[in-house]
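The lines below spell out each chain.
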Amino acid sequence: MAKKKKKQQGHYCRICGDYKANEKFSGKGHAQHICKSCMSAMRSGKNPEDILPEPLPVSRETTRFKKLDKEGKAVLKAFISEVVTEYWQENRQIPFAESFSELKKYIIGTYDEECGILLKDDAELKTYFQTHTITTINKLLKDAKAEKLTAYVDKVSDEPLMAEAPKGGKIVSETKDDIFGTTTLTLSNGVKVIIKKTDFKADEIRMKGVSLGGSSLFPDSEIINISGLDAVGAGGLGNFSAVDLEKVLAGKKASVNYNISLTTENVSGSCSPKDFETMMQLTYLTFTAPRRDNDAFASYKSRSKATLKNQELNPDVTFSDSIQAGIYMNHPRARRIKADMVDQMDYNKILSMYQDRFKDASDFTFIFVGNVDVEKMKPVIAEYLGALPAINRQETFKDNKIEVRQGIYKNEFTKKQETPKASVFVYYSGDCKYDLRNNLLLGMTSQILDLVYTEKVREDEGGTYGVYVGGRLQKYPKEKIFLQIIFDTAPDKKEKLMKIIFDEITNIAKTGPSETNLNKVKEYMLKKHTEDLKENSYWLGSIDEYLYTGVNRVNDYEKIVNSITVNDIRKFADDLFKQKNEVEVTMVSAENE
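Bear in mind the structure is a predicted one, so any value in this text is a computation, not a measurement.

Rules of the game
Residues numbered from 1 in each chain as written. Predicted model: local features only at pLDDT ≥ 70, side-chain atom pairs only at ≥ 80, totals over all residues. Heavy atoms only, no water. Pairing = 2+ DSSP bridges. Helix = DSSP H or I, 4+ residues; strand = E, 2+ residues; numbered from the N terminus. Axes fitted to C-alpha atoms, helices over the stretch in contact; angles between N-to-C directions. Contact = heavy atoms within 4.5 Å. Phe/Tyr/Trp six-rings, centres within 6.5 Å; stacked < 30°, edge-to-face > 60°. Buried < 20%, exposed > 50% of the residue type's maximum accessible area, 1.4 Å probe, protein only. Lys NZ or Arg CZ within 6 Å of the ring centre and 35° of its normal. Salt bridge = Lys/Arg side-chain N within 4 Å of Asp/Glu carboxyl O. Parallel < 35°, antiparallel > 145°, perpendicular 65-115°, else oblique. Left-handed = near helix turned anticlockwise from the far one by under 90°. Polar contact = N/O pair within 3.5 Å; in protein donor to acceptor, adjacent residues only side chain to side chain. Core = buried A, V, L, I, M, F, W, Y, C linked by side-chain atoms within 4.5 Å. Nonpolar A, V, L, I, M, F, W, Y, C, P; charged D, E, K, R; others polar. Expected span 1.5 Å × (residues − 1). Bend = angle between axes of the 7 residues up to and from the residue.

### Details of the sheet that holds strand S11 (residues 422-431)
1) Next: Pairing in this open sheet of five strands is mixed, and the strands run S10-S14-S11-S13-S12 from one edge to the other. On the outer flanks of this sheet lie strand S10 (408-415) and strand S12 (468-474), each paired with one strand and no other. Recorded for the sheet is a direction-independent mean angle of 10° between the axes of neighbouring strands.
2) Next: Where S11 and strand S14 (residues 582-589) come together, seven bridges link them in antiparallel fashion. Bridge pairing in S14 links tyrosine 428 to glutamate 582.
3) Next: In this fold helix H10 (residues 315-328) packs onto S10, S11 and S14, with an angle of close to 160° to the strand it touches most, S14.

This is the structure:
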């Protein structure tokens, strides 16, 4: 079997922004591009960091090979050649039967991850795979005969990650905090560091550093460059390209990533205790030494254009665009970037915007959770985090007026699709106080509706693979609540299933849930909370949430869950639905299909 490259083993979670392996996604979460952790958080009523919801249908529309354009077929051919070459070099045999099926499945998955197109596994695609598999192997055999092959030597520089340590700062204060059992350090450059020791995993320390501001501080006219801010990482750090950086870090368990969201700029990372200094070096370089690489940026643009162009072949993109327009009324920050916009990205401007967000660490707060030794960490923290640049800006994020549509809005349209279906999206919004109780009430309401729809829509009617129900509370810029319902079904079942969907909305707001369903949800949430309390990522997220919103999701969690009654759910649901803010978007296959 071919070796799977790191970039092909997963994708980004659209909630937390982390790139995760495929096994970190499952079921509805995989279809929604929401990882298991964030899906669990949403179900439990916790608030993921500030995001714009980008709803996608539960199921994926497949695309036949013949529908691909010339560029799309070229990308697929390149994937086949790469994977088959790796397989041949490992096994020295032609893949057949089960091996061929595994390769084909892997390539289909890779193409979907890289290009956003899920290919239909039909006879035509199989023939194309077989043809190019044989062609690739024949070329390898021909090349082997024509050339005198020499062993490949991977040249790895012995240059250290940092030639010399920076001139560090000092720890100017240290306090203990009983809220989460943490130690807080303040550094001479203004950086604050919060440390929590746990014994859950001996080989793990997790980190997050965050500052308010984010892309909200850039004008709407820069939206194309904002969408390209993730290209900075493609250049590598310091003296090392992205490829060479991976080689330098071989054998070490340390990683750092950056993210510039709408309201924050942040770095996140993890390491083993022995590689803590390496994680600090990566953090320092992320702030001070992003590496310019014109070739890497050109490659980034080329991949982006191919991916975005291929996405246009998928009817679900039209559905998603219609949803975004319905909710955000074509606000520039809620529009999808298209292939013809990629060439407008300005690398100089992107690097400048990145540097602007990370040139002042004085308002950053870093959180470390895991198997930490505070005394041993102190000098390393002072040396690297204390040396981060500080110009003492006083800033926070800006309200970009990304308003959600008020009132009732409905949009039903037809779209030609390979497999006839109806995709339905319903979105409720309104005002709601942001606190732990309301977060839990929302999580319970979502899960109860999910149970009801599973029974009545999926099992009783057999009308869909599943109904996704998800909600979130928003703290900034205004306290709001959002609840969305998404499902796919056969066109002739749409009206009947939509009636069930809306009848159950009316029912939960009028009479509340059954005691049985409420108790099922309580049992799940309490069990999951107990498990969460043994995870470093949960404690890091809880501390981050407290700093960002003032909500402590650990304290009184069990007490509040146990106290919630059927009438509490009824009133909560009624308070949302009686505000009468509803966006309904439906895409149905054309009748002549």
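### Brief notes about the packing of aromatic side chains
1) Next: All told, the structure shown has 20 aromatic pairs when counted by the stated rule.
2) Next: When the centroid spacing of 6.5 Å and the interplanar angle of 90° are considered together, the rings of phenylalanine 180 and tryptophan 539 count as edge-to-face. Taken together, the positions of phenylalanine 180 in the loop between strand S3 (171-177) and strand S4 (182-187) and tryptophan 539 in helix H16 (residues 536-549) put the pair 359 residues apart, joining distant regions of the chain. The same class applies to phenylalanine 180 as to tryptophan 539, namely buried.
3) Next: On the numbers, 5.2 Å between centres and 55° between planes, the contact of phenylalanine 397 with tyrosine 476 is tilted. In this pair, phenylalanine 397 is assigned in the loop between helix H12 (374-384) and S10 and tyrosine 476 in the loop between S12 and strand S13 (480-489), connecting sequence segments 79 residues apart.
4) Next: Put simply, the rings of Tyr258, Phe287, Tyr354, Phe358, Phe364 and Phe366 touch in pairs and so form one group of aromatic residues.
5) Next: If you follow lysine 73 out to its NZ or CZ, it ends over the ring of phenylalanine 65, 5.0 Å from the centre.
6) Next: Its guanidinium or amino end placed over the ring of tyrosine 409, arginine 405 lies 4.0 Å from that ring's centre, counting from NZ or CZ.

### Thoughts on the pattern of salt bridges
1) Next: Overall, the coordinates contain 41 salt bridges when judged by the stated rule.
2) Next: Between aspartate 356 and arginine 393 there is a salt bridge, with the nearest N and O atoms lying 3.2 Å from each other. Here aspartate 356 is found in helix H11 (residues 347-358), whereas its partner arginine 393 is found in the loop between H12 and S10, with 37 residues between them in sequence.
3) Next: For lysine 578, the salt bridge identified is with aspartate 575, shortest N-O distance 3.4 Å.
4) Next: Ionic contacts of the salt-bridge type, sharing partners, join the residues Glu265, Asp356, Arg357, Lys359, Asp360, Arg393 and Glu395 into one network.

### A word on unusual backbone geometry
1) Next: For the bond from tyrosine 476 to proline 477, the omega torsion is -5°, close enough to zero to count as cis.
2) Next: You can see proline 477 is positioned in the loop between S12 and S13.
3) Next: With a phi close to 55°, asparagine 392 is a non-glycine residue in the positive phi region.
4) Next: Topologically, asparagine 392 is positioned in the loop between H12 and S10.
5) Next: Looking at asparagine 392, the relative accessible area reads 52%, which means it is exposed.
6) Next: The phi dihedral of aspartate 556 falls on the positive side, at around 70°, and the residue is not glycine.
7) Next: Along the polypeptide, aspartate 556 turns up in the loop between H16 and helix H17 (557-563).

### Some remarks on the pairing of S13
1) Next: In terms of residue burial, S13 counts as a mostly covered element, since ten of its ten residues are buried.
2) Next: In this sheet, S13 lies alongside S12 in antiparallel orientation, the contact comprising seven bridges. Bridged to glycine 470 within S13 is glutamine 484.
3) Next: Hairpin geometry of S12 and S13 is characterised by an intervening segment of five residues between the two adjacent antiparallel strands.

### Focus on the packing of helix H3 (residues 70-91) against helix H5 (residues 123-146)
1) Next: Two elements in contact, H3 and H5, have axes separated by 9 Å at closest approach and are oriented at 55°. Put simply, H3 runs oblique to H5. By crossing handedness, the relation of H3 to H5 is classed as right-handed. Facing Lys73, Leu76, Lys77, Ile80, Ser81, Val84, Thr85 and Trp88 of H3, the residues of H5 in contact are Leu125, Tyr128, Phe129, His132, Thr133, Thr136, Ile137, Leu140 and Leu141.

### Side note on the environment of serine 563
1) Next: Here serine 563 lies in helix H17.
2) Next: Serine 563 sits in the partly exposed class, given a relative accessible area of 42%.
3) Next: Along the sequence, serine 563 and arginine 437 sit 126 residues apart, while their C-alpha atoms lie 10.0 Å from each other.
4) Next: Reaching out from serine 563, the side chain makes a polar contact with the backbone oxygen of isoleucine 560 at a distance of 2.8 Å.

### Side note on the nonpolar core
1) Next: Ranked by internal contacts, the top residues of the largest apolar core, which has 61 residues, are Val193, Phe276, Met279, Phe366, Phe368 and Ile381.
2) Next: Here this core takes seven residues from helix H8 (residues 276-288), the largest share from any one element.
3) Next: Not counting the four nearest positions on each side in its chain, valine 193 is found in contact with Thr183, Thr184, Leu185, Leu187, Phe366, Phe368, Ile381 and Leu385.
4) Next: Counting 43 residues, the second-largest nonpolar core is a separate cluster that includes Leu440, Ile500, Val521 and Met525.

### So, the packing of helix H13 (residues 436-460) against helix H14 (residues 494-510)
1) Next: Two numbers describe how H13 lies on H14: the axes approach to 11 Å, and their chain directions differ by 140°. Our classification of the angle between H13 and H14 gives oblique. Relative to H14, the crossing made by H13 is right-handed. On H14, the residues that touch Thr445, Ile448, Leu449, Val452, Tyr453, Lys456 and Val457 of H13 are Leu497, Ile500, Ile501, Glu504, Ile505 and Ile508.
2) Next: Classifying every residue of the contact of H13 with H14 gives ten nonpolar, one polar and two charged.

### Examining the sheet that holds strand S7 (residues 254-260)
1) Next: Read from one edge to the other, the open sheet built from seven strands follows the order S3-S4-S5-S9-S6-S8-S7, with strand pairing classed as mixed. Looking at which strands have only one partner, the edges of the open sheet turn out to be S3 and S7. Each adjacent strand pair in this sheet contributes to an overall mean axis angle of 15°, direction not counted.
2) Next: By the bridge criterion, six bridges tie strand S6 (residues 205-212) to strand S9 (residues 365-370) in an arrangement that is antiparallel. Residue pairing in the sheet places glycine 209 in a bridge with phenylalanine 366 of S9.
3) Next: With respect to the sheet, H11 is in contact with S6, S7 and strand S8 (264-271), its orientation differing from that of S7 by roughly 105°.

### Focus: the environment of lysine 571
1) Next: As for its placement among the helices and strands, lysine 571 is situated in helix H18 (residues 566-577).
2) Next: Residues lysine 571 and alanine 509, spaced 62 residues apart in sequence, show a C-alpha to C-alpha distance of 6.6 Å.

### What about H13?
1) Next: In this model H13 runs 35 Å from its N-terminal to its C-terminal C-alpha over 25 residues, within 8% of the 36 Å that 1.5 Å per residue would give.
2) Next: The principal kink in H13, of about 30°, is found at tyrosine 453.
3) Next: Measuring from the backbone nitrogen of arginine 437 back to the side-chain oxygen at the start of H13 gives 3.4 Å, which picks out aspartate 435 as the cap.
4) Next: Glycine 462, located one to two residues past H13, shows a positive phi value of around 60°.

Limitation: the analysis is restricted to geometry and does not speak to function.
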